[in-house]
Amino acid sequence: METGLQVFLERSVVGVLRRTAVLLAVLTTTMLGLGVGSAVARPAPMTPLAPASRLLTTGSALTASTPATTPTTPAVATTPNSTVTTTTSTVTTPTTPAVTTTTTSTVTTPTVTTTTPTPPPVTTEGVLLCSGYTACSTGGFTTNGYAANEKTSWWRMYPGDNCTNYVAYVESQVFGVTAPTYLLGDADQWAANAGANGVPIDDTPTVGAVAFWGAGTVGMKRYGHVAIVEAVGPNDSYIDISQSGMGKSDDGYDWERIYAGSTVWEPWPNSFIHFPGANIPQPQAKPVQAPVSWPQVMLSQLTWGTQSSGAANMLLQLPMLG
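Predicted model, so just to flag it, every value in this text is computed and none were measured. (Residues numbered from 1 in each chain as written. Predicted model: local features only at pLDDT ≥ 70, side-chain atom pairs only at ≥ 80, totals over all residues. Heavy atoms only, no water.)

1. Quick look at the overall build of the protein chain
If you tally the helices and strands in the protein chain, you get 4 helices and 11 strands. Buried positions account for 28% of the 322 residues belonging to the protein chain. Considering only residue pairs separated by 6 or more positions, the protein chain has 55% of its internal contacts joining residues 24 or more positions apart. Surface accessibility of the protein chain: about 22,700 Å² in total, with carbon and sulfur atoms responsible for 59%. (Helix = DSSP H or I, 4+ residues; strand = E, 2+ residues; numbered from the N terminus. Buried < 20%, exposed > 50% of the residue type's maximum accessible area, 1.4 Å probe, protein only. Contact = heavy atoms within 4.5 Å. Areas by Shrake-Rupley, 256 points an atom, 1.4 Å probe, with all protein chains shown as cover.)

2. Concerning the sheet that holds strand β3 (residues 127-131)
Strands sit in the order β3-β8-β7-β6-β5-β9-β4 across an open sheet of 7 strands; the sheet is antiparallel. For this open sheet the edge positions go to β3 and β4 (201-202), each flanked by a neighbour on one side alone. Sheet topology note: the strand β5 (residues 210-213)/strand β9 (residues 271-273) ladder contains 3 bridges and is antiparallel. Within β9, the residue paired with Val210 across the bridge is Ile273. With respect to the sheet, helix α3 (residues 163-173) is in contact with β5, β6 (225-232), β7 (238-244) and β8 (253-259), its orientation differing from that of β6 by roughly 45°. (Pairing = 2+ DSSP bridges. Axes fitted to C-alpha atoms, helices over the stretch in contact; angles between N-to-C directions.)

3. Overview of the pairing of β7
Burial analysis of β7 places 7 of its 7 residues in the buried class, the great majority of the element. Burial along β7 is two-sided: Tyr238, Asp240, Ser242 and Ser244 and Ile239, Ile241 and Gln243, pointing in opposite directions, are all buried. Pairing geometry for β6 and β7, over 4 bridges, is antiparallel. Paired with Val232 across the strands is Ile239, a residue of β7. Between β6 and the antiparallel strand that follows it, β7, lie 5 residues; Asn235 among them carries a positive phi value of about 55°. Sheet topology note: the β7/β8 ladder contains 7 bridges and is antiparallel.

4. Observations concerning the state of the cysteines
Summed over all chains, the structure comprises 1 disulfide. Disulfide pairing places Cys130 opposite Cys136 at an S-S distance of 1.9 Å. Judged by the sign of its S-S torsion, about 95°, the bond between Cys130 and Cys136 is right-handed. Exposure class is identical for Cys130 and Cys136. Each is buried. (Disulfide = S-S within 2.5 Å.)

5. Quick word on the pattern of salt bridges
Following the criterion strictly, the structure yields 1 salt bridge and no others. A salt bridge links Arg257 to Asp240, with the shortest nitrogen-to-oxygen separation between them at 2.7 Å. Here Asp240 lies in strand β7 and Arg257 lies in strand β8, a separation of 17 residues in the sequence. (Salt bridge = Lys/Arg side-chain N within 4 Å of Asp/Glu carboxyl O.)

6. Re the packing of aromatic side chains
Following the criterion strictly, the structure yields 11 aromatic pairs and no others. Among the aromatic side chains, those forming a connected cluster through ring pairs are Tyr133, Tyr146, Trp154, Tyr166, Tyr169 and Tyr253. (Phe/Tyr/Trp six-rings, centres within 6.5 Å; stacked < 30°, edge-to-face > 60°.)

7. Re the environment of Ser249
Structurally, Ser249 can be placed in the loop between β7 and β8. Between the C-alpha atoms of Ser249 and Gly132, which are 117 residues apart in sequence, the distance is 5.4 Å. Look past the residues within four positions of Ser249 in its chain and what remains in contact with it is Ser131 and Gly132.

8. Observations concerning the environment of His274
Relative to the elements of secondary structure, His274 occurs in the loop between β9 and β10 (302-306). Separated by 74 residues in sequence, His274 and Pro200 place their C-alpha atoms 5.4 Å apart. If sequence neighbours within four positions are ignored, His274 has contacts with Val199, Pro200, Asp202, Thr204, Thr206 and Ala209.

9. Some details on the nonpolar core
Counting 35 residues, the largest nonpolar core has Trp155, Leu184, Trp190, Val226, Ile273 and Phe275 as the members making the most contacts within it. Elements supplying a minimum of two residues to this core: β3, α2 (133-138), α3, α4 (190-196), β5, β6 and β8. With residues near it in sequence (within four places) discarded, Val226 still touches Cys163, Thr164, Val167, Ala187, Trp190, Val210, Ala211, Phe212 and Trp213. Within the second largest apolar cluster, 12 residues are counted, among which are Val229, Ile239, Met246 and Ile258. (Core = buried A, V, L, I, M, F, W, Y, C linked by side-chain atoms within 4.5 Å.)

10. Side note on unusual backbone geometry
Put simply, Trp265 and Glu266 share a cis peptide bond, and its omega is -5°. By the secondary structure assignment, Glu266 is in the loop between β8 and β9. The phi dihedral of Asn144 falls on the positive side, at around 60°, and the residue is not glycine. Relative to the elements of secondary structure, Asn144 occurs in the loop between α2 and α3. Classification of Asn144 by relative accessible area gives buried; the value is 15%. For Asp236, which is not a glycine, the phi torsion comes out positive at approximately 60°. Here Asp236 lies in the loop between β6 and β7. Relative accessible area serves as the criterion here: at 26%, Asp236 is assigned to the partly exposed category.

Everything listed here is a matter of geometry and, on its own, says nothing about what the molecule does.
And the structure:
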């Protein structure tokens, strides 16, 4: 803080300087007015003390203190008509490397398994080979073209999904059987009516024969059933039949394999009707060994032997019975 003495001294010095300057100015003006200005040299102007000067007292001595000044940034000299060159700095931003995602796709090749059809097992129960026109046709089992002809009546039978109409169609159109001049009736009447008109009826299955079931047979309706024998197994061990009106499909058509002696569905037929037809395969005749009658002594069967004594004896060679 400033002391009273410092303020007093500052004011006294400033006052003296101001009064002196005023007197010099008045004096100069007066001399100029009197024409003495040329003779009297103009005093050099006095530089006023900076207002901010302070007289400081340190002990008994007076010290002038100049207030601190803030450094001034030197002005930049601008040269007229100078060309200002602007330098453009190119900042290169590092590029982030692209991340490549590799997706590994696993392709599974389906394994194609070729299955060899397994023959139906040997059993006493019937085996369903195919069911329906489409399945039978694509599965290697013929439908004999009945799908396109089922609406026609054959041998005066009821058309459609009907066992008797199907058998009449196949017998006449496939195996070449002439249409009977008599009525066969319902399925359970076929064997009796055909037999009464000279058609062979027996227990031997042959391809093209009609398999016959009478009324009351296991699984059959009261009207009985008839079907076509399509194939016969070795030694009549089984038969493959095609039939209509018994299948589980919508069109009622199927193929069944029936083993000899079967009493469950579908059972072995009661008998077989053998209508004569131009296209019915003739079964091969089985070789029959002729019987040997006793005694059969032929001259060619006589041989001669020799005794130990050398005498010849006629020996009788009996025939061998096979």
